[in-house]
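Spelled out from the first residue to the last, the chains are:
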Amino acid sequence: MARTVTQQRKIINTGAAWAVGLLIFFPILWTILTSFKTEAQAIADPPIFLGFDWTLENYATVLERSNYARFLWNSVVIAGGSTILGIIIAVPAAWSMAFVPSKRTKDILLWMLSTKMLPAVGVLYPIYLLFIRIGILDTKFGLVIVLMLINLPIIVWMLYTYFKEIPGEILEAARMDGASLKEEVLYVLTPMAIPGIASTLLLNVILAWNEAFWTLNLTAAKAAPLTAFIASYSSPEGLFYAKLSAASTMAIAPILILGWFSQKQLVSGLTFGAVK
């Protein structure tokens, strides 16, 4: 029997959920508010929350000083390209692990996950030298490859989890109807896994968009994304918090918009993957 939940309990749970959500969102909110302050108000003690003189001067300065559109385009290409390439590689890999497993499948999955435990700085030097040797340092192509390889274990694991929830009998029925392997993956498996693929896409776009270590170390000017755009406002003269906040707001705005429009697909995908 389903457990009865009282109205008071619902109110408490709702209030707790909103409190946690606001606590998580507060740093982003504070960054956005700081971007509309003057430099003096940004470092005021005690901090000023709402009672300040709103100004767009910081955004004007940022746009005048930097080519925001170029940084934005680099981020779109790098995040989107690495995610799409990762999905193309991960779908057949996750399909084989979910529906044609071997005795080494679990070991391979654990090995892939263990690669995420390796400190990035441990492989920076050889990758940097390799990029110089093959001529892809400070290129969008090089960053697409690196970020795809970094996030590939997560993509495979997520798709493997979603594919495992799909009954194998459905694929067997498709084979009995004469479907080839390509048709089975494209027309049977993929449509049923769209919520899972959508949530995987969104998560990995966010991970690639926010990646700072590799983008700062493997780019200089040509392929620099928005993470480098933000870092450029940290100078030896000091931190200009208001302008830095404006640059950060401009960098996170596209991904916030993407998350807003993708929330239904993400929620449905996570629900699909959680229910057996």
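Worth saying up front: this structure is predicted, and the values here are computed from it rather than measured.

A.B. asks: What am I meant to see in the overall build of the protein here?
C.D. replies: For the protein, the helix and strand inventory stands at 13 helices and two strands. Overall, the protein is about 70 × 65 × 30 Å in size when its C-alpha atoms are taken along their principal axes. A total of 276 residues make up the protein; the buried ones form 35% of that total.

A.B. asks: What should I look at first to understand unusual backbone geometry in this one?
C.D. replies: Leaving glycine aside, a negative phi is the common case for residues, and trans is the common case for peptide bonds. Residue Pro 46 follows Asp 45 across a cis peptide bond; omega there is 5°. Mapped onto the elements, Pro 46 comes out in the loop between helix H2 (39-42) and helix H3 (57-65). Unusually for a residue other than glycine, Asp 138 sits at a positive phi of about 60°. Relative accessible area serves as the criterion here: at 14%, Asp 138 is assigned to the buried category.

A.B. asks: Can you walk me through the nonpolar core in this structure?
C.D. replies: Nonpolar side chains tend toward joint burial in soluble globular proteins. Core analysis: the largest hydrophobic core is formed by 30 residues, its most contacted members being Val 62, Trp 214, Leu 218, Leu 226, Phe 229 and Tyr 233. Mapped onto this core, the elements with two or more residues apiece are H3, helix H4 (68-99), helix H6 (121-134), helix H7 (140-164), helix H10 (194-210), helix H12 (226-231) and helix H13 (241-274). Top contributing element to this core by residue count: H13, with six residues. Beyond its immediate chain neighbours, meaning those up to four positions away, Trp 214 contacts Ala 120, Val 123, Leu 124, Ile 127, Leu 143, Val 146, Leu 147, Ile 150 and Thr 219. Core analysis: the second largest hydrophobic core is formed by 25 residues, Ile 155, Phe 163, Ala 174 and Val 185 among them.

A.B. asks: So what exactly am I meant to see when it comes to the pattern of salt bridges here?
C.D. replies: Oppositely charged side chains may form a pair once their charged atoms are brought near each other. Tallied over the entire structure, the rule returns two salt bridges. Close ionic contact of Glu 39 with Lys 243 constitutes a salt bridge, the shortest N to O distance being 3.5 Å. Remark: Lys 243 occurs in helix H13 and Glu 39 occurs in helix H2; sequence separation between them is 204 residues. The partner of Arg 104 in a salt bridge is Asp 107, with the nearest N and O atoms 3.5 Å apart. Using a relative accessible area of 40% as the deciding quantity, one classes Asp 107 as partly exposed.

A.B. asks: Before we go on, may I ask you to explain the packing of aromatic side chains in this structure?
C.D. replies: How two aromatic rings sit relative to each other is set out by the distance from centre to centre and by the angle between their planes. Scanning the model with the defined rule gives ten aromatic pairs in all. Residues Trp 157 and Tyr 160 carry aromatic rings whose centres are separated by 6.5 Å and whose planes lie at 80° to one another, so their mutual orientation is edge-to-face. A residue pair is termed a helical-turn pair when its members lie 3 or 4 positions apart in one helix, as Trp 157 and Tyr 160 do in helix H7 at three residues. Arranged with centres 5.3 Å apart and planes meeting at 90°, the rings of Phe 213 and Trp 214 form a pair that is edge-to-face. Every member of this aromatic cluster is reached through a ring pair, and the members are Phe 36, Phe 52, Trp 54 and Tyr 59. When the ring centre of Phe 71 is taken as origin, the NZ or CZ atom of Arg 70, which lies over that ring, is 4.6 Å away.

A.B. asks: Even after reading the chapter, I still don't get the environment of Ser 96, so can you show me in this structure?
C.D. replies: With respect to the element layout, Ser 96 can be found in helix H4. Classification of Ser 96 as partly exposed rests on a relative accessible area of 26%. For the pair Ser 96 and Ile 11, spaced 85 residues apart in sequence, the C-alpha to C-alpha distance is 45 Å. A distance of 2.7 Å separates a polar side-chain atom of Ser 96 from the backbone oxygen of Ala 93.

A.B. asks: What should I look at first to understand a nonpolar patch on the surface in this one?
C.D. replies: On the surface, Phe 26, Phe 49, Leu 50 and Trp 54 cluster together into a nonpolar patch covering about 420 Å² of accessible area. Looking at the element boundaries, Leu 50 is found in the loop between H2 and H3. Judged by relative accessible area, which is 47%, Leu 50 ranks as partly exposed.

A.B. asks: Where do I start with the confidence of the model for the protein in this structure?
C.D. replies: Should the pLDDT be low somewhere, the predicted coordinates at that spot are not to be read in detail. The pLDDT averaged across the protein works out to 84; a share of 90% of its residues lies at or above 70. Contacts for the low-pLDDT stretch residues 268-276, under 50 throughout, to residues beyond four places or in other chains number 15 contacts.

A.B. asks: What am I meant to see in the packing of helix H8 (residues 168-176) against helix H9 (residues 181-192) here?
C.D. replies: In a packed pair of helices, the relevant descriptors are the angle between the two axes and the axis-to-axis distance. Taken N-terminus to C-terminus, the directions of H8 and H9 make an angle of 155°; their axes are 11 Å apart at the nearest point. With respect to each other, H8 and H9 are oriented roughly antiparallel. The way H8 lies across H9 gives a crossing that is right-handed. Judged by residue contacts, Ile 170, Leu 171, Ala 174 and Arg 175 of H8 engage Glu 184, Val 188, Leu 189 and Met 192 from H9. Of the residues in the contact of H8 with H9, the class split is six nonpolar, no polar and two charged.

A.B. asks: Looking at this structure, I do not really get the packing of helix H5 (residues 105-114) against H7. What am I missing?
C.D. replies: Close contact between H5 and H7 brings their axes to 8 Å; oriented N to C, the two are set at 140°. In terms of orientation, H5 and H7 fall into the oblique class. For the pair H5 and H7, the crossing hand works out as left-handed. Along the contact surface, H5 presents Leu 109, Leu 110, Met 112 and Leu 113, while H7 presents Leu 152, Pro 153, Val 156, Trp 157 and Tyr 160. For the contact of H5 with H7, the residue count by class is nine nonpolar, no polar and no charged.

Calculation criteria
Throughout, residues of each chain are indexed from 1 in the direction in which the sequence is written. Owing to the predicted nature of the model, reporting of local features is limited to residues with pLDDT of at least 70; listing and counting of side-chain atom pairs is limited to 80 or more, with chain, interface and lining totals taken over all residues. Hydrogens and waters are ignored; side-chain quantities use all the structure's heavy atoms. The helix and strand labels rest on DSSP assignments: H or I over at least four residues marks a helix, E over at least two residues marks a strand, and numbering proceeds from the N terminus. Three labels apply to residues, based on accessible area from a 1.4 Å probe with only protein chains included: buried if under 20% of the type maximum, exposed if over 50%, partly exposed otherwise in between. Put simply, buried Ala, Val, Leu, Ile, Met, Phe, Trp, Tyr and Cys residues joined by side-chain atoms within 4.5 Å make one nonpolar core. Any two residues having at least one pair of non-hydrogen atoms within 4.5 Å are treated as being in contact. For this analysis, a salt bridge means a side-chain nitrogen from Lys or Arg found within 4 Å of a carboxyl oxygen belonging to Asp or Glu. Put simply, two rings from Phe, Tyr or Trp (the six-membered ring, in Trp's case) pair if the centres are within 6.5 Å, and we call them stacked under 30 degrees between planes, edge-to-face over 60, tilted for the rest. Over a ring means this: the NZ of a Lys or the CZ of an Arg is within 6 Å of the ring centre and within 35 degrees of the ring normal. Counting of polar contacts relies on pairs of N or O atoms within 3.5 Å, with two restrictions inside protein: one atom must be capable of donating a hydrogen and the other of accepting it, and residues adjacent in sequence are counted only when both atoms are side-chain atoms. Patches draw on residues past 30% relative accessible area with no salt bridge. Two like charges within 9 Å are joined, as are two nonpolar side chains (Val, Leu, Ile, Met, Phe, Trp, Tyr) within 5 Å. All accessible areas in this document rest on Shrake-Rupley with a 1.4 Å probe, and a residue is counted as covered only by the protein chains that are shown. Per-residue confidence from the prediction method is given by pLDDT, with values spanning 0 to 100. Throughout, an axis means a line fitted to C-alpha atoms (over the contacting stretch in the case of helices), and angles, computed between N-to-C directions, take values from 0 to 180 degrees. Roughly parallel here means an angle under 35 degrees, roughly antiparallel means over 145, roughly perpendicular means 65 to 115, and every remaining angle is called oblique. Here a crossing is taken to be left-handed if its near helix is turned anticlockwise relative to the far helix by less than a right angle, and right-handed if that turn runs clockwise. Note on residue classes: Ala, Val, Leu, Ile, Met, Phe, Trp, Tyr, Cys and Pro are nonpolar, Asp, Glu, Lys and Arg are charged, and everything else, Gly too, is polar.

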